[in-house]
Amino acid sequence: MTKSLVLNCGSSTFKWEYYPCVLRSRVSSKGAVPISEMRATLNLLMSEKNADIYIVRFVHGGNDFFKPTVVTKQNVRDLSALIELDPLHNRLSVEVIAALFDEEPNGVVIAVFDTEFFHDLPILAQSYGLSEALRAEFGIRRFGFHGFAHRAMLDTWLALSASAEISIVDSRIVTIQLGSGCSMAAIRGERPIDTTMGFSPNEGLLMSTRCGDIDSGLVTWLQRRMNLSAEQISYMLNERSGWLGMSMESKDFSILLESESDKARLAVELFCYRIRKSLGAYYVALGGLDAIILSGGIAENSLATCHRILDGLAFIGIELIEHKKVQSELVNIPVHRLTGRSSKVGAWIVSCNESKAMLDSVKSKLPEYI
């Protein structure tokens, strides 16, 4: 039986799941610790689990890395070069790989990439309005992120569809990941056709510390006006903006929901507005809508926020149940239905399993290691 340890580095949390039998895809143990405890936890896991496969998540793989890749001493340098694309997350992933090689694991180390799910976006959804020369020289495109989360939400929708005997061939769904980082994807059938994040995870929705969509002219104006370096402006937009910067109070969304500050209220309103605005765009891009799937810490811990986002959208077929009367369903994972049975568009909150999506990617792309 092939044993696998799936390792997932977030900006502040190191998560892991252990699968004693990859073919059965059943977790026997899992955990999450602060990033500061990552190395000690990893050393303990390696000594206790003795895995055959170590799967390490990278947020950004650039143009060269998008499929599961066996890590060797030869390609570690290329993987390390990915830090430039997403310093916050990719640096931690490189550190995990370095720690694994320091301990000389018996198993195979495999890197998986959050951009895989969106690699084949339609050319219109990939492209920026920059010169062909510039795009070609630097490989500039919209990559999309949170791929494993959106894949997991899609898998849940497929399970829901099967249980309800709904046709999925031409289904039109929007998946919404709401955590510290937030993103949306428009999916037709089983293929994503657009997503809110782009070249970097900063594009799109308002997030905990990221500004999301912003006028590029404002960025250059701020750089000149404040005499900021590229690193300083990046820090401002990625670490000191979002609902933290707007509220001047907290990057914890639950705290803002309880706050009576006008600044906090504005941040919450803008957060909801951006999602509704993108939902309208995807309704048009998809030519209609069959379902909305929400996941992530905010969605799973605040039914009222999800209700607030989708309220007043009966004109596009979303008929909500009062959030205090949300019905629970079970399709191998917790599922909460937000819409009534007569609603033309179904809406669910789900608890998605990114680790399983990472494992499934390896199983489908590198079956020789299973």
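For the structure, check the block above.
S.K.: Explain the overall build of the protein chain to me, please; I cannot follow it from the model alone.
M.R.: Looking only at helices and strands, the protein chain has 14 helices and 13 strands in total. Rg of the C-alpha trace for the protein chain: 21 Å, near the compact-globule value of 21 Å for 370 residues, within the 12% margin. Evaluated residue by residue, the protein chain yields a buried proportion of 51% over its 370 residues. In the protein chain, once contacts between residues fewer than 6 apart in sequence are set aside, the share between residues at least 24 apart is 64%. Of the accessible surface of the protein chain, which amounts to about 17,700 Å², a share of 51% is contributed by carbon and sulfur atoms. When the 38 basic and 42 acidic side-chain charges of the protein chain are each reduced to a single mean position, those positions are 3 Å apart.

S.K.: Looking at this structure, I do not really get the pairing of strand β10 (residues 291–295). What am I missing?
M.R.: Along any regular strand the residues' side chains alternate between the sheet's two faces. For β10, a buried count of five out of five residues is recorded, marking the element as mostly surrounded by other parts of the structure. A two-sided burial pattern is seen for β10, the buried positions comprising A291, I293 and S295 on one face and I292 and L294 on the other. Two strands pair when backbone bridges link them, and strand β7 (residues 172–178) and β10 are joined in this way by five bridges, in the parallel orientation. Pairing of I173 across the sheet is with A291, part of β10. In this structure, β10 lies alongside strand β13 (residues 346–350), joined through four bridges in parallel fashion.

S.K.: Can you help me understand the sheet that holds strand β2 (residues 13–19) in this one?
M.R.: With mixed pairing, the six strands of this open sheet are ordered in space as β3-β2-β1-β4-β6-β5. Strands at the two margins of the open sheet, each flanked by one partner only, are β3 (29–34) and β5 (69–70). Taken together, the six bridges between strand β1 (residues 4–9) and β2 define a ladder with antiparallel strand orientation. Across the sheet, V6 pairs through a bridge with E17, a residue of β2. Against the sheet, helix α3 (residues 87–102) makes contact with β1, β2, β4 (53–58) and β6 (108–113), and its axis sits at roughly 160 degrees relative to β4, the strand it touches most.

S.K.: Would you mind going over the pattern of salt bridges with me for this structure?
M.R.: Pairing between side chains of opposite charge can happen when their charged atoms approach one another. On inspection of all chains with the given rule, the structure shows 13 salt bridges. In this structure, K3 and D52 form a salt bridge, with 3.5 Å as the shortest nitrogen-oxygen distance. In this pair, K3 sits in the segment before β1 while D52 sits in the loop between α1 (38–49) and β4, placing the two residues 49 residues apart along the sequence. Linking K356 and D360 is a salt bridge whose minimum nitrogen-to-oxygen distance equals 2.8 Å. Separated by four residues within a single helix, K356 and D360 lie in helix α14 (residues 354–365), roughly one turn from each other. It is possible to trace a salt-bridge network through shared partners that takes in R142, D194 and E203.

S.K.: So what exactly am I meant to see when it comes to α1 here?
M.R.: In an α-helix, one turn spans 3.6 residues, which is why side chains three or four residues apart end up on the same side. Here α1 contains 12 residues, and its C-alpha end-to-end distance of 16 Å stays within 8% of the 16 Å for a straight helix at 1.5 Å per residue. Listed in full, the buried residues belonging to α1 are M38, T41, L42, L45, M46 and K49. Viewed along the axis of α1, the buried residues span an arc of 135 degrees, placing them on a single side of the element. Projecting away from the buried face of α1 at angles above 90 degrees are the exposed residues A40, S47 and E48. Buried residues belonging to α1 abut β1, β2, β3, β4 and α3. Taken from the residues just after α1, N50 is the one with a positive phi, measuring 50 degrees.

S.K.: I would appreciate a short explanation of unusual backbone geometry in the present structure.
M.R.: Peptide bonds are, in most cases, trans, and in most cases residues other than glycine have a negative phi. In this structure, N50 is a non-glycine residue whose phi angle is positive, near 50 degrees. Among the secondary structure elements, N50 is positioned in the loop between α1 and β4. Relative accessible area serves as the criterion here: at 42%, N50 is assigned to the partly exposed category. Positive phi outside glycine occurs at H146, with the angle close to 60 degrees. Along the chain, the position of H146 falls in the loop between α5 (132–138) and α6 (147–164).

S.K.: In this structure, what is going on with the layout of surface pockets? I would like to understand it.
M.R.: The gaps left among the atoms become clear once a water-sized probe is rolled over them. Considering only enclosed or pocket space, the second largest pocket measures out at about 1,500 Å³ in volume. In terms of lining, the second largest pocket is formed by 31 residues, of which the most central are F199, S200, N202, S234 and N238. A per-element tally of the lining of the second largest pocket places helix α8 (residues 230–239) first, with eight residues. In terms of residue class, the lining of the second largest pocket is built from 15 nonpolar, eight polar and eight charged.

S.K.: What's the story with the pairing of β13 in this structure? I'm lost.
M.R.: With five of its five residues buried, β13 lies for the most part within the structure. Sheet analysis places strand β12 (residues 334–337) next to β13, joined by three bridges and oriented antiparallel. The partner of V335 across the bridge, within β13, is V350.

S.K.: Can you help me understand the side chain of N8 in this one?
M.R.: For N8, the position within the fold is in strand β1. By relative accessible area, which is 5% here, N8 ends up buried. Beyond its immediate stretch of four places on either side in the chain, N8 contacts T13, F14, K15, R57, E354 and M358.

S.K.: Just checking my understanding: could you explain the packing of helix α7 (residues 216–226) against α8 for this structure?
M.R.: Between α7 and α8, the least distance of the axes is 11 Å, while the angle of their chain directions is 120 degrees. It follows that α7 is oblique to α8 by the angle criterion. Considering the relative orientation of α7 and α8, their crossing is right-handed. Taking contact as the criterion, the partners of V219, L222, Q223 and M226 in α7 are, on α8, A230, I233, M236 and L237. The residue makeup of the contact of α7 with α8, split by class, is seven nonpolar, one polar and no charged.

Criteria and thresholds
- Residues numbered from 1 in each chain as written.
- Predicted model: local features only at pLDDT ≥ 70, side-chain atom pairs only at ≥ 80, totals over all residues.
- Heavy atoms only, no water.
- Helix = DSSP H or I, 4+ residues; strand = E, 2+ residues; numbered from the N terminus.
- Rg over C-alpha atoms; globule rule 2.2 N^0.38 Å.
- Buried < 20%, exposed > 50% of the residue type's maximum accessible area, 1.4 Å probe, protein only.
- Contact = heavy atoms within 4.5 Å.
- Areas by Shrake-Rupley, 256 points an atom, 1.4 Å probe, with all protein chains shown as cover.
- Lys, Arg positive; Asp, Glu negative; His and termini not counted.
- Charge placed at Lys NZ, Arg CZ, Asp CG, Glu CD.
- Pairing = 2+ DSSP bridges.
- Axes fitted to C-alpha atoms, helices over the stretch in contact; angles between N-to-C directions.
- Salt bridge = Lys/Arg side-chain N within 4 Å of Asp/Glu carboxyl O.
- Expected span 1.5 Å × (residues − 1).
- Arc of directions from axis to C-beta.
- 1 Å grid on protein atoms, 1.4 Å probe; cavity = no way out; pocket = protein on both sides within 12 Å on 5 of 7 lines; lining within 4 Å.
- Points joined across faces, edges and corners; volume = space filled by probe spheres on them.
- Nonpolar A, V, L, I, M, F, W, Y, C, P; charged D, E, K, R; others polar.
- Parallel < 35°, antiparallel > 145°, perpendicular 65-115°, else oblique.
- Left-handed = near helix turned anticlockwise from the far one by under 90°.

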